[in-house]
Amino acid sequence: DAGVTQSPTHLIKTRGQQVTLRCSPKSGHDTVSWYQQALGQGPQFIFQYYEEEERQRGNFPDRFSGHQFPNYSSELNVNALLLGDSALYLCASSRGSGASYGYTFGSGTRLTVV
Amino acid sequence: ILNVEQSPQSLHVQEGDSTNFTCSFPSSNFYALHWYRWETAKSPEALFVMTLNGDEKKKGRISATLNTKEGYSYLYIKGSQPEDSATYLCASLSNDYKLSFGAGTTVTVRA
């Protein structure tokens, strides 16, 4: 049973460019959440998708957008990249809110903005 | 408490010793408390999900308690082993579906 799959694993982009990160949730999960983890910090909540809609959003600017597809997979898009966007981006899937069994995480995409 | 806070940030434990560390979280809008273990080069792995005040959960040598009224949770490791070395993250799930993480406690077990 495949867990959460994220691609790519590493990415280097130039300031001002745009990037798309992808996530396939664990089989049976319908909810996808995205997190940004900078060095020395805990994962910061970006947004959550359920039934192809953004259900909740953290304190991130509109440059961060996302999408969920009918097969529950998801994309995170970041426009006009800044040096400060360099971080590990984690995708997590859950069945509903995750209140019962928790989240299943992918291995992350390491984004470096130069 | 406005955010999820964990202490200490890191700790070193001798193999065979027991240890514990703390997670504090906002008690308002609380829905559930998660603990995750994150080993180097791997994905965070769910250890416990707790919802009720006074909940205690156990998995092998690791256990956790929950106090929702005062907004804290403890994680205990009994008889630490080198394979327990990891960063332990706690996260609070609010009733509007936001899961907010602390910065983690990094445990290093010395043989």
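Structure shown above.
Each value, and the rule that gives it
- Residues numbered from 1 in each chain as written.
- Chains lettered and ligands numbered in written order.
- Predicted model: local features only at pLDDT ≥ 70, side-chain atom pairs only at ≥ 80, totals over all residues.
- Heavy atoms only, no water.
- Helix = DSSP H or I, 4+ residues; strand = E, 2+ residues; numbered from the N terminus.
- Rg over C-alpha atoms; globule rule 2.2 N^0.38 Å.
- Contact = heavy atoms within 4.5 Å.
- Areas by Shrake-Rupley, 256 points an atom, 1.4 Å probe, with all protein chains shown as cover.
- Lys, Arg positive; Asp, Glu negative; His and termini not counted.
- Charge placed at Lys NZ, Arg CZ, Asp CG, Glu CD.
- Disulfide = S-S within 2.5 Å.
- Buried < 20%, exposed > 50% of the residue type's maximum accessible area, 1.4 Å probe, protein only.
- Salt bridge = Lys/Arg side-chain N within 4 Å of Asp/Glu carboxyl O.

### Observations concerning the overall build of chain A
- A tally of regular secondary structure across chain A gives zero helices and eleven strands.
- Traced from its N-terminal end to its C-terminal end, chain A shows the element sequence β-β-β-β-β-β-β-β-β-β-β.
- The C-alpha radius of gyration computed for chain A amounts to 13 Å, which stays within 12% of the reference 13 Å derived for 114 residues, consistent with globular compactness.
- Projected onto its principal axes, the C-alpha positions of chain A cover 40 × 25 × 25 Å.
- In chain A, the share of contacts with a sequence separation of at least 24, taken over all contacts with a separation of at least 6, comes to 53%.
- Carbon and sulfur atoms provide 46% of the accessible area of chain A, an area that totals close to 5,400 Å².
- Of the charged side chains in chain A, 9 are positive and 9 negative, and the gap between their average positions amounts to 10 Å.

### Concerning the state of the cysteines
- Going through the model one piece at a time under the given rule, you end up with two disulfides over all chains.
- Each disulfide pairs two cysteine sulfurs, and for A:Cys23 the partner residue is A:Cys91, the sulfurs being separated by 1.8 Å. Disulfide A:Cys23-A:Cys91: the torsion about the S-S bond is -60 degrees, which places it as left-handed. Of this pair, A:Cys23 sits in strand β3 (residues 19–24) while A:Cys91 sits in strand β9 (residues 87–94), and the two are 68 residues apart along the sequence.
- Given a relative accessible area of 2%, A:Cys23 falls into the buried group.
- For A:Cys91, a relative accessible area of 0% puts it in the buried group.
- Between B:Cys23 and B:Cys90 runs a disulfide, and the two sulfur atoms are separated by 1.8 Å. Given an S-S torsion of about 60 degrees, the disulfide between B:Cys23 and B:Cys90 has right-handed geometry. You can see B:Cys23 sitting in strand β3 (residues 19–24) and its partner B:Cys90 sitting in strand β9 (residues 86–94), a full 67 residues away along the chain.

### Section: the pattern of salt bridges
Residues and elements named next belong to chain A.
- What the rule picks out here adds up to five salt bridges over all chains.
- For the salt bridge of Arg 63 with Asp 85, the shortest nitrogen-to-oxygen distance reads 2.8 Å. You can see Arg 63 sitting in the loop between β6 (53–57) and β7 (64–68) and its partner Asp 85 sitting in the loop between β8 (74–78) and β9, a full 22 residues away along the chain. Of the two residues, Arg 63 and Asp 85, both sit in the buried class.

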